[in-house]
Amino acid sequence: MHETDNELVRYCEEFGPLLDRLSCGFVARDAGGTIRLVNERILDWLDYKEEELVGRPLEDLAPRELHDAMADERLAIDDGDLRSRLFVLRRKDGSVFPI
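Residues numbered from 1 in each chain as written. Predicted model: local features only at pLDDT ≥ 70, side-chain atom pairs only at ≥ 80, totals over all residues. Heavy atoms only, no water.

Colleague: Account for the overall build of the protein, naming residues and giving values.
Modeller: Counting its regular elements, the protein contains four helices and four strands. Relative to all contacts within the protein whose residues are 6 or more apart in sequence, the contacts with residues 24 or more apart total 32%. Total accessible area on the protein is roughly 6400 Å²; 52% of this is exposed by carbon and sulfur atoms. (Helix = DSSP H or I, 4+ residues; strand = E, 2+ residues; numbered from the N terminus. Contact = heavy atoms within 4.5 Å. Areas by Shrake-Rupley, 256 points an atom, 1.4 Å probe, with all protein chains shown as cover.)

Following this line, the structure appears as structure tokens:
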């Protein structure tokens, strides 16, 4: 595990309970795109349990036809492009949820 990933784990352990109080959805992922933390809002919106998402690739939250686009967006954000974007996430039942 990279040092930045270790820092993310420590951050999640420390701030996870606070993130659950946010009115917006929050997903933390490591440098490889693996989901490390989700808050209660995302779980409610998408009808997943935490253990169903943590450890999965971030792209798994996108509809299948948008996996490549989400991977491209993740790389753009990693490169510093922080423009606001509209994402569509996939709920557990397969329906879509725009954010």
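Colleague: Describe helix H4 (residues 67-78), with residues and values.
Modeller: For H4, built from twelve residues, the straight-helix expectation of 16 Å at 1.5 Å per residue is met to within 8% by its first-to-last C-alpha distance of 17 Å. Regarding H4, the residues found buried are His-67, Met-70, Ala-71 and Arg-74. What you see down the axis of H4 is that its buried residues fit within an arc of 105 degrees, all on one side. Exposed side of H4, more than 90 degrees from the buried face: Asp-68 and Asp-72 are the residues found there. In the core, the buried residues of H4 are packed alongside strand S1 (27-29) and strand S3 (88-90). Positioned one or two residues after H4, Gly-80 has a phi angle of 100 degrees, which is positive. (Expected span 1.5 Å × (residues − 1). Buried < 20%, exposed > 50% of the residue type's maximum accessible area, 1.4 Å probe, protein only. Arc of directions from axis to C-beta.)

Colleague: Now, about the side chain of Arg-90: what can you tell me, with residues and values included?
Modeller: Its place among the elements puts Arg-90 in strand S3. At a separation of 3.5 Å, a polar atom in the side chain of Arg-90 contacts the main-chain carbonyl oxygen of Ala-62. (Polar contact = N/O pair within 3.5 Å; in protein donor to acceptor, adjacent residues only side chain to side chain.)

Colleague: Any chance you could break down the nonpolar core for me, citing the residues and the numbers?
Modeller: If you look at the biggest cluster of nonpolar residues, it comprises 13 residues, and the most contacted ones within it are Ile-35, Val-38, Ile-42, Leu-46, Leu-53, Leu-61 and Leu-89. For this core, the elements supplying multiple residues, two or more each, are strand S2 (35-38) and helix H2 (40-46). Take this core: its biggest share by element is three residues, from H2. The contacts of Leu-61, once residues within four sequence positions are left out, are Val-27, Ile-35, Leu-46, Leu-53, Val-88, Leu-89 and Arg-90. (Core = buried A, V, L, I, M, F, W, Y, C linked by side-chain atoms within 4.5 Å.)

Colleague: Go over the pattern of salt bridges with me, naming the residues and quoting the values.
Modeller: Enumeration over the complete set of coordinates arrives at four salt bridges. In this structure, Lys-92 and Glu-52 form a salt bridge, with 2.8 Å as the shortest nitrogen-oxygen distance. With Lys-92 in the loop between S3 and strand S4 (96-98) and Glu-52 in helix H3 (residues 50-53), this residue pair connects regions lying 40 residues apart in the sequence. In this structure Lys-92 comes out as partly exposed when scored by relative accessible area, which is 41%. (Salt bridge = Lys/Arg side-chain N within 4 Å of Asp/Glu carboxyl O.)

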